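Architecture at a glance
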Amino acid sequence: MTTPYDAVFAKSIEDPNAFWAEAAEDCHWYKKWDKVLDDTNKPFYRWFVGGEINTCYNALDLHVDQGRGDQYALIYDSPVTNTVKKYTYRELRDEVAKFAGVLASLDVHKGDRVLIYMPMIAEAAIAMLACARIGAVHSVVFGGFAPNELATRINDAKPKVIVSASCGIEVSRVIPYKPLLDEAINMANSDSKPQNCVILQRPMETADMAAGRDLDWNEAVAAATPHDCVPVAATDPLYILYTSGTTGEPKGVVRDNGGHVVALKWSMKNIYNIDAGDVYWAASDVGWVVGHSYIIYAPLFKGCTTILFEGKPVGTPDAGVFWRVISDYKVKTMFTAPTAFRAIKREDPTAELTKKYDLSNFKTLFLAGERLDPDTLHWAEKHLGIPVIDHWWQTETGWAICANPMGIHHFSVKEGSPTKPAPGWDVQVVDAENQQVKEGEIGALVVKLPLPPGSLPTLWKKDERFISSYLEEFPGYYKTADAGFIDTDGYVFVMSRTDDIINVAGHRLSTGAMEEVLADHPDVAECAVLGVDDALKGQVPVGFLVLNAGVERDHEEIIKEVIQSVRGRIGPVASFKKATVVKRLPKTRSGKILRGTIQKIADNKDYKVPATIDDPAILGEMEDALVGIGYAKARK
Ligand code: COA
Ligand code: AMP
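Residues numbered from 1 in each chain as written. Chains lettered and ligands numbered in written order. Predicted model: local features only at pLDDT ≥ 70, side-chain atom pairs only at ≥ 80, totals over all residues. Heavy atoms only, no water.

Looking at the nonpolar core
Formed by 125 residues in total, the largest nonpolar core has its most connected members in Trp-20, Phe-99 and Tyr-294. The element contributing the most residues to this core is helix α5 (residues 122–134), with eleven residues. Apart from the residues lying within four places of it in its own chain, the contact partners of Phe-99 are Ile-126, Ala-127, Ala-130, Val-163, Val-198, Trp-217 and Val-221. Ranked by size, the runner-up nonpolar core spans 45 residues in total, among them Leu-545, Val-546, Ala-579 and Val-581. (Core = buried A, V, L, I, M, F, W, Y, C linked by side-chain atoms within 4.5 Å. Buried < 20%, exposed > 50% of the residue type's maximum accessible area, 1.4 Å probe, protein only. Helix = DSSP H or I, 4+ residues; strand = E, 2+ residues; numbered from the N terminus. Contact = heavy atoms within 4.5 Å.)

Spelled out as structure tokens, the structure:
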């Protein structure tokens, strides 16, 4: 059966120039592009070459100019501070213009970097949009990362200014951000340290200010002259967002201005079925790509009201808070990670709390960030009575690679599948020889080049790493590093990562980076970190330590130390809470650790003793070790 999707998808692949030119007509340009897709410097593709645009203008000023000035652009709802603050498009534009003035007065201009290390407060959005307004490149770092990770990002981005706040607020504690920031700046290379920091003092915590370097947000804004939008090239960078790679060194994903505005604005109607004036809520964090794309940019490009929520799905104050927000602001579409729904389901299994609220405006729930397990899918469908849509994407891609494109055609949902490739994404499944596999067979999920607008053009100052990470293994394709298959109906199934990335509560983390921390412990000879199944977070990391010969210290003490080191060096967001000491690690005869087998033992899944294993007896030892820390129980 053909659907409207077929023609849209076919056009996007067969004639990307016409397809995206049409979408681009919906955006404001100071100067139209000379070329839609420039493929003269393969494998570096560029979109809307010659065009001049401003991202902030498209997000704010355009709507004021078109008569939406009095509509709410952003609602900040913070159950952890009992605050609600609403900004109309006009008010948000004016606040952003003032903060753009602050940045300009600190000598921040087009192309300069500004690092933003902030909790989920409206000022984080204002700072991001202010950078976009003057053509500066922002790099937002998630608050749950430790100073060491922050320092790595400072060294790579070399920001002129860092914008931060005195604290963030977690369910049961206030987290002072400034000491973490100061420590990171101390750790950073001397040629990377910022000239200035702008700090928002929150009432719960007052930060110490470094004289001459640190400015108070409110004082700086009060003294600022509003700054207008600065036209930039469509191909100029809008932001850098660091994400876990296969080593401790994160990858600086670059997003350009032109392609990003075009693709994200287009996605609001076609993927999410959202119109201007609708209320859209992505319950994520501005530190992640979902926060960039769907808390800040796309809803504002589209002229929606976006919700910026400083809270958690449970505990702030209860598992009904999502329903409260949906009802208070008449949210039409919500987007979050399955883990948030697992947390709600655990606290309120029969969804009693939904009955307290009017959810009649709520039309669609979108989930992404990790595999959507069937239990969570069906629970949400049953208790909300609306379509629950899985979609698959990555920091690199900036928007959905696969989705049920609700504004084009609503396909029936298949458990475990984010449905079909989104227009622009020529998704294929290949084997190790880069040959397409048969329908239904598992292989590497790849996307035929060029990637559509809005996806990463390169890694920050690392073109070579961009090629080696994504383009080298499967020539002509972008490697997603996810494995999966496409069924006979053309539905895509995403099964697992093919690298060391794990997904913990929707947060992307590298086990390799954790192994680097463990290996630095003086008593550790060898180690492995694996992601094992977790009922709430999807996956959690578990460490296996082989100690140096002759170490006689208490194992529990060593375990505590390595857990603390991961928290201290990577951050609490890693959720690294379990490790065990083993005599040896199971390996193949060529010395490769049998990670897949250990994982299966931990997850109580069937496994075959690999023919290449060095010594099968080790698997029994692993089983015992895992039982000792609460896994693999069903085996015993
Ligand atoms: N600043 C400082 N610390 C932070 C932080 C931040 N911005 N965000 C999280 N942390 C800390 C938490 O306090 C926690 O610390 P702890 O180990 O001392 O308890 C740790 O990092 C792990 O956080 P998290 O993974 O969020 O676990 P949680 O147990 O606090 O909450 C969920 C679990 C499921 C409720 C939570 O992960 C959630 O709301 N997820 C929603 C999905 C989401 O936002 N996904 C993002 C991509 S769409
Ligand atoms: P991030 O870059 O943090 O968005 O993480 C991207 C990774 O999360 C992907 O490569 C997948 O492994 C996983 N992921 C995201 N969305 C989905 C989904 N809908 N289904 C399965 N895995 C997903």
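Having seen the model, we can carry on.
Structural notes on the site of ligand 1
Surveying the vicinity of ligand 1 reveals 24 residues, the closest of which are Glu-170, Pro-313, Lys-537, Arg-567 and Lys-577. Taking Arg-173, its side chain carries an N or O atom lying 3.3 Å from an oxygen atom of ligand 1. Within the side chain of Lys-577, one N or O atom sits 2.7 Å away from an oxygen atom of ligand 1. With the chains in place, 85% of the 940 Å² that ligand 1 exposes on its own is no longer accessible. Here the shell around ligand 1 is built from residues that sort into eleven nonpolar, seven polar and six charged. (Near = heavy atom within 4 Å. Polar contact = N/O pair within 3.5 Å; in protein donor to acceptor, adjacent residues only side chain to side chain. Areas by Shrake-Rupley, 256 points an atom, 1.4 Å probe, with all protein chains shown as cover. Nonpolar A, V, L, I, M, F, W, Y, C, P; charged D, E, K, R; others polar.)

Notes on the site of ligand 2
Within the structure, ligand 2 sits among 14 residues, and His-391, Thr-395, Asp-482, Arg-497 and Arg-508 are positioned closest to it. Separating an oxygen atom of ligand 2 from a side-chain N or O atom of Asn-503 is a distance of 3.1 Å. Tallied by class, the residues present in the shell around ligand 2 amount to three nonpolar, five polar and six charged.

Some words on the layout of surface pockets
Its boundaries defined by the atoms lining it, the second largest pocket holds a volume of some 360 Å³. Looking at the second largest pocket, it is lined by 18 residues, and the ones nearest its centre are Tyr-76, Lys-85, Tyr-87, Glu-123 and Leu-200. Grouping the amino acids of the lining of the second largest pocket by side-chain chemistry returns ten nonpolar, four polar and four charged. (1 Å grid on protein atoms, 1.4 Å probe; cavity = no way out; pocket = protein on both sides within 12 Å on 5 of 7 lines; lining within 4 Å. Points joined across faces, edges and corners; volume = space filled by probe spheres on them.)

What to know about empty space enclosed by the protein
Rolled over the atoms, a probe with the dimensions of a water molecule shows which regions are left empty. Going through the model one piece at a time under the given rule, you end up with three cavities of 30 Å³ or more. By volume, the largest cavity amounts to about 140 Å³. Lining the largest cavity are 15 residues; nearest its centre among them are Tyr-45, Leu-451, Ser-455, Leu-456 and Pro-457. Top contributing element to the lining of the largest cavity by residue count: strand β2 (residues 44–49), with four residues. Grouping the constituent residues of the lining of the largest cavity by class yields twelve nonpolar, one polar and two charged.

Topic: the packing of aromatic side chains
Evaluation of the coordinates by the stated rule reveals 39 aromatic pairs. For the ring pair Phe-145 and Trp-288, a centre distance of 6.0 Å and an interplane angle of 70° mean the geometry is edge-to-face. A residue pair is termed long-range when its members are at least 10 positions apart, and Phe-145 in the loop between β7 (137–140) and α6 (147–157) and Trp-288 in the loop between β16 (279–282) and α10 (289–302) qualify at 143 residues. Exposure remark for Phe-145: the relative accessible area of 7% places this residue in the buried category. Note on Trp-281 and Phe-322: the rings are 5.0 Å apart at their centroids and 70° apart in plane angle, and the pair reads as edge-to-face. Within this pair, whereas Trp-281 is found in strand β16, its partner Phe-322 is found in helix α11 (residues 321–329), the two being separated by 41 residues in sequence. (Phe/Tyr/Trp six-rings, centres within 6.5 Å; stacked < 30°, edge-to-face > 60°.)

Coordinates in, geometry out; function isn't part of it.
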